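# A look at the structure
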Amino acid sequence: MKSVTESTTGCATVIFIDPPLRLACREALPEGTVVTVRGISIGGREIVVMAGPCAVESEEQILRTAEAVKESGARILRGGAYKPRTSPYTFQGLREEGLKLLAEARDQTGLAVVTEVMDARHIDLVSRYADILQIGSRNMQNFTLLEEVGRCRIPTLLKRGMSATIEEFLQAAEYVMKGGNHQVILCERGIRTFETSTRNTLDLNAVPMLKRHTHLPVVVDPSHGTGLWWMVPALACAAIAAGADGLLIEVHQNPAGALSDGIQSLAPEKFDVLMRDLRAVALAVGRTWLARAE
Ligand code: PEP
Ligand code: MN
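Fair warning: this is a prediction, and the values are worked out from it, not measured in the lab.

As a further point, take the overall build of the protein chain. Counting secondary structure elements, the protein chain contains nine helices and 12 strands. Since a compact globule built from 294 residues should have a radius of gyration of about 19 Å, the 18 Å found for the protein chain is in line with a globular shape. With respect to the three principal axes, the spread of C-alpha positions in the protein chain is 60 × 45 × 40 Å. Within the protein chain, contacts between residues separated by at least 24 positions form 68% of all contacts whose residues are at least 6 apart in sequence. Separation of charge centres in the protein chain, based on 32 positive and 34 negative side chains, amounts to 1 Å.

L158, I249 and F271 are the most contacted members of the largest nonpolar core, which totals 74 residues. Looking at this core element by element, the count peaks at seven residues for helix α5 (residues 166–178). Excluding its chain neighbours within four sequence positions, the residues that come into contact with L158 are I135, M140, L146, F169, A172, A173, V184, I185, L186 and C187. The next biggest cluster of nonpolar side chains, apart from the first, holds 15 residues, and it includes V35, I76, V114 and V219.

For the rest of this paragraph, the subject is the sheet that holds strand β5 (residues 48–52). Taking strand neighbours around the barrel as the criterion, the eight strands line up as β5-β6-β7-β8-β9-β10-β11-β12 in a closed arrangement whose pairing is parallel. Across the sheet, the mean angle separating the axes of adjacent strands is 25 degrees when strand polarity is ignored. Bridging between strand β9 (residues 156–159) and strand β10 (residues 184–188) involves four bridges; their strand directions are parallel. In the sheet register, T156 faces β10, and the bridge partner there is V184.

Let us look at the coordination of the manganese ion (ligand 2). Distances from the manganese ion (ligand 2) to its protein donors, C54 (SG), H224 (NE2), E250 (OE) and D261 (OD), fall at 2.0 to 2.4 Å. Between consecutive donors of the manganese ion (ligand 2), the numbers of intervening residues give the motif C-x169-H-x25-E-x10-D. A residue pair is termed long-range when its members are at least 10 positions apart, and C54 in the loop between β5 and α1 (59–72) and D261 in the loop between β12 (246–250) and α9 (268–284) qualify at 207 residues. There is no split in this pair, since C54 and D261 are both buried.

On to unusual backbone geometry, then. The phi torsion of most residues other than glycine is negative, and most of the peptide bonds are trans. Put simply, D18 and P19 share a cis peptide bond, and its omega is -5 degrees. In this structure, P19 sits in the loop between β2 (14–15) and β3 (35–37). If you check the backbone angles, R95 has positive phi at about 55 degrees while not being a glycine. Relative to the helices and strands, R95 is located in the loop between β6 (76–78) and α2 (96–109). Positive phi values are uncommon outside glycine, yet D261 reaches one of about 55 degrees.

Residues lying three or four places apart along an α-helix face the same way, a consequence of the helix completing one turn every 3.6 residues. Within helix α4 (residues 143–151), burial applies to L145, L146, V149 and G150. Angularly, the buried residues of α4 cover 140 degrees about the axis, an arc narrow enough to put them on a single face. Residues of α4 that are exposed and angled more than 90 degrees away from the buried face: T144 and R151. Where α4 is buried, its residues touch α3 (123–129), β8 (132–135), β9 and α5.

Conventions we followed
- Residues numbered from 1 in each chain as written.
- Chains lettered and ligands numbered in written order.
- Predicted model: local features only at pLDDT ≥ 70, side-chain atom pairs only at ≥ 80, totals over all residues.
- Heavy atoms only, no water.
- Helix = DSSP H or I, 4+ residues; strand = E, 2+ residues; numbered from the N terminus.
- Rg over C-alpha atoms; globule rule 2.2 N^0.38 Å.
- Contact = heavy atoms within 4.5 Å.
- Lys, Arg positive; Asp, Glu negative; His and termini not counted.
- Charge placed at Lys NZ, Arg CZ, Asp CG, Glu CD.
- Core = buried A, V, L, I, M, F, W, Y, C linked by side-chain atoms within 4.5 Å.
- Buried < 20%, exposed > 50% of the residue type's maximum accessible area, 1.4 Å probe, protein only.
- Pairing = 2+ DSSP bridges.
- Axes fitted to C-alpha atoms, helices over the stretch in contact; angles between N-to-C directions.
- Donors = N, O, S within 2.8 Å, 3.2 Å for Na, K, Ca; no water.
- Arc of directions from axis to C-beta.

Following this line, the structure appears as structure tokens:
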């Protein structure tokens, strides 16, 4: 049997993942993995928000956005320097220059940095600037990349492939862990369904399912999961209520002028309002929230 199913007949709950997970399964670490980066714990009681633009576009843009999201309570700055774009004619990212700007923003704000590594040949370079390596949806089953990232000791944010089942997602995490890198954070970012009114269908089922079957932290990306900025707040709150450990949210100073994903990016003022609502949801479900100056 290839899919994740549960037996309700035996005395113990049995999940069938074939072959079974060895390192990522919940039983391997029942108390749960806490990934720690620059003093920030992901997978503990605190809800951790990672926020920033889809892509690093300029020094001014990333520095101003970093200040804004920090002020609202984000702990980690996101921003792509290497962008996996559908068309080769659209903005591909500032590459190394973008990595340098992210590091500058980190130095100025104290935020940790998460950014995508698209190619195994770039791991060394990206690792020099990033605190967390992001493996994008399109690369979730790039097994060479997974194995190479598994050889590093840098926390890794693994995004669910847009057509990946929960089992395939967990097996991808297993690839990274098999190499010795156990600092893996899973990210649900929406899957392709027959629905066309949204960019993807955010699969919030994945949150309790993953929490049940793996000890790895789970975060949710409602920006790519919906593709629409005005839907992001509702789904972000729902994700925390469903048990996610954190969020990945796109924020842009000027969404209408963004070089990528502006339509799903929140302006800083809207992000700030959302963060206040998220705090209330987090506290209501027994999580903690970074204290912020009112
Ligand atoms: C991103 O986070 O900007 C991104 C490209 O995400 P995904 O890989 O989920 O499409
Ligand atoms: Mn994006």
